[in-house]
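# Reading the structure
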Amino acid sequence: MTGTFSEIWVYLSASPLLGLTVTLVAYQGAYWIYRKAKMNPLANPVAISVAVLVALLWFTDTPYPVYFEGAQFVHFLLGPATVALAVPLYANLGNLMKNLLPLGGALIAGSLTAAVTAVGIGWALGASRETLLSLAPKSATAPIAMGVAEKLGGLPSLTGVLVVTTGILGAVLARGTLNLLRIHDHAVRGFAVGVAAHGIGTARAFQVSETMGAFAGLAMGLNGLLTAFLFPLLLKLWGG
Amino acid sequence: MLGAFTVLLVFQLIGEVLVLVSGLPVPGPVVGMLLLFTTLLARGAAPAWLRETCQGLLSHLSLLFVPAGVGVLLHFQRLGAEWLPIAVALVASTVITIGVTALVMRALQR
């Protein structure tokens, strides 16, 4: 019996089917929990699936590259998903043109603040150079941030983890921060969450109102573009 | 859906090739996104079949983060050694960014 089991295990762990399937099953389960928790940002489905899969790989003693053989098919879709951001960006063009100055100013201020505070605080507290470079693009949406981290010389997979954590933090902390600053306009609230906390913040904003979601989505797309073009330039100027 | 997916991959491919040829320090898919955006501007509309597939793909965006997130396995040692700077940087930077973005936008609206 155990002989048969280990034969099946050897067969399955050599094929990409297992890694791909457990990724989808873990996500479905995590999403079910998220819905049951009434979409509470603390029950973030990405955080839950990652925790479950890490535990699974740990207990089965499976190396990450073996898991990634299968999971790469999901990971690959980050590229087309980045291209697909053009469509909501185009749909929000009207909002952008009407508010060009406030949105442009807020975007540049927010995007720079995100990178400078993260890198500055990390540096002051003694983080390593690779960690700092992986932290810099953490407020951009994952596919862009990971691409930028790679170009900067950071660790894309670490950036992926930092981006997801930032998104969850943004979704949890936005309401308190904005209430404290007495900012109640949904357009402003949405845009701020989108700049700071990309797709996870945007998903959250859409649950509050359509306006907040639209401005968050616009901010996510614009911040992705700005991060992709500006950060490698800034690093060059900085002499890195 | 297949047509829209083909369009996305073709734009990504053109983006990757342009980056390779020009040496631009930008991810290829971002260039693909800009090219698609420019194409939509030139056409004056986004066709419904493209909108539907893109919405579908983006509504599952968070699933696509998962394999990268599991990569945390590779970084346990680093995170163990540098957890304090990373945690403080993420929390403080996120709160400050939300505040600065909102305040600048409100100030410029007036």
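Residue positions are given per chain, counting from 1 as you read along its sequence in written order. Just so you know, chain letters begin at A and ligand numbers begin at 1, following the order they were written in. The predicted origin of the model limits local features to residues at a pLDDT of at least 70 and limits the giving and counting of side-chain atom pairs to 80 or more, whereas totals for whole chains, interfaces and linings rest on all residues.

## Some details on the overall build of chain B
Selection rule: The numbering of helices and of strands both runs from the N terminus, where a helix is a DSSP run of H or I of at least 4 residues and a strand a run of E of at least 2. Note on method: radius of gyration uses C-alpha positions; expected globular size equals 2.2 Å times residues raised to 0.38. Residues are called buried when their C-beta atom has 20 or more other C-beta atoms within 10 Å, exposed when it has 12 or fewer, and partly exposed otherwise; all C-beta atoms are positioned from the backbone.
In terms of helices and strands, chain B carries six helices and zero strands. The helix and strand sequence of chain B, counted from the amino end, reads α-α-α-α-α-α. For chain B, whose C-alpha radius of gyration is 19 Å, the value lies well above the compact-globule estimate of 13 Å for 110 residues. Projecting the C-alpha coordinates of chain B onto the three principal axes gives extents of approximately 50 × 45 × 30 Å. When each of the 110 residues of chain B is scored for burial, the buried share is 45%.

## Examining the overall build of chain A
Short version of the rule: Note on contacts: each residue gets a C-beta atom placed from the backbone, and two residues are in contact if those atoms are within 7 Å.
For chain A, the helix and strand inventory stands at 13 helices and zero strands. Reading the helices (α) and strands (β) of chain A from amino to carboxyl end gives α-α-α-α-α-α-α-α-α-α-α-α-α. Taking 18 Å as the expected radius of gyration for a compact globule of 240 residues, we find that chain A reaches 20 Å, a close match to that expectation. If one aligns the C-alpha atoms of chain A with their principal axes, the spans along those axes are about 70 × 45 × 35 Å. Per-residue burial over chain A gives 53% buried out of 240 residues. Of all intrachain contacts in chain A linking residues separated by at least 6 positions in sequence, the fraction that spans at least 24 positions is 61%.

## Looking at the interface of chain A and chain B
Across the contact, 90 residues belong to chain A and 62 residues belong to chain B. The element that contributes the greatest number of residues to the side of chain A that touches chain B is helix H11 (residues 156-180) of chain A, accounting for 14 residues.

## Digging into the packing of helix H8 (residues 100-124) of chain A against helix H6 (residues 76-109) of chain B
Where we set the bar: To obtain an axis, a line is fitted to C-alpha atoms, over the contacting stretch when the element is a helix, and the angle between two such axes runs from 0 to 180 degrees between their N-to-C directions. Working rule for angles: under 35 degrees goes down as roughly parallel, over 145 as roughly antiparallel, 65 to 115 as roughly perpendicular, anything else as oblique. Take the far helix as the reference: if the near one is turned anticlockwise from it by less than a right angle, the crossing is left-handed, and if turned clockwise, right-handed. Here the term charged refers only to Asp, Glu, Lys and Arg, the term nonpolar to Ala, Val, Leu, Ile, Met, Phe, Trp, Tyr, Cys and Pro, and the term polar to all other amino acids, Gly among them.
The geometry of H8 of chain A relative to H6 of chain B is characterised by a closest axis approach of 8 Å and an angle of 160° between their N-to-C directions. The pairing of H8 of chain A with H6 of chain B is recorded here as roughly antiparallel in orientation. Regarding H8 of chain A and H6 of chain B, the two cross each other, and that crossing is right-handed. Residues belonging to the contact of H8 of chain A with H6 of chain B are distributed by class as follows: 19 nonpolar, nine polar and no charged.

## Quick notes on the domain arrangement of chain B
Rules: An automatic or database domain assignment supplies the residue ranges for each domain.
Under the domain assignment, chain B is made up of domain 1 (1-64) and domain 2 (69-110). Once you take the C-alpha centre of each, domain 1 of chain B and domain 2 of chain B turn out to be 28 Å apart.

## Some remarks on the packing of H11 of chain A against H6 of chain B
Where H11 of chain A contacts H6 of chain B, the two axes come as close as 9 Å, and the packing angle between them is 55°. As judged from the angle between their axes, H11 of chain A and H6 of chain B are oblique. In terms of crossing hand, the pair formed by H11 of chain A and H6 of chain B is right-handed. Touching Leu162, Thr165, Thr166, Leu169, Gly170, Leu173, Ala174, Thr177 and Leu178 of chain A of H11 of chain A are Leu90, Val91, Thr94, Val95, Ile98, Gly99 and Ala102 of chain B, all from H6 of chain B. Across the contact of H11 of chain A with H6 of chain B, the residue classes tally to 10 nonpolar, six polar and no charged.

## A few points about the nonpolar core
Counted only if it meets this: Among buried residues, those of type Ala, Val, Leu, Ile, Met, Phe, Trp, Tyr and Cys that are joined through C-beta atoms within 7 Å form a set called a nonpolar core.
Core analysis: the biggest nonpolar cluster contains 110 residues, and Ala84, Ala86, Ala118, Ala136, Phe191 and Ala219 of chain A have the highest contact counts within it. Not counting residues within four places of it along the chain, the set of residues in contact with alanine 219 of chain A comprises Leu107, Phe191, Gly194 and Val195 of chain A.

## Observations regarding unusual backbone geometry
All names here are of chain A. Backbone geometry places arginine 182, a non-glycine residue, at a positive phi of 55°. With respect to the helices, strands and loops of the structure, arginine 182 is situated in the loop between H11 and helix H12 (186-208). Of note in this structure, histidine 198 is not a glycine but carries a positive phi near 35°. For histidine 198, the location among the structural elements is in helix H12. Looking at histidine 198, the number of C-beta atoms within 10 Å reads 31, which means it is buried.

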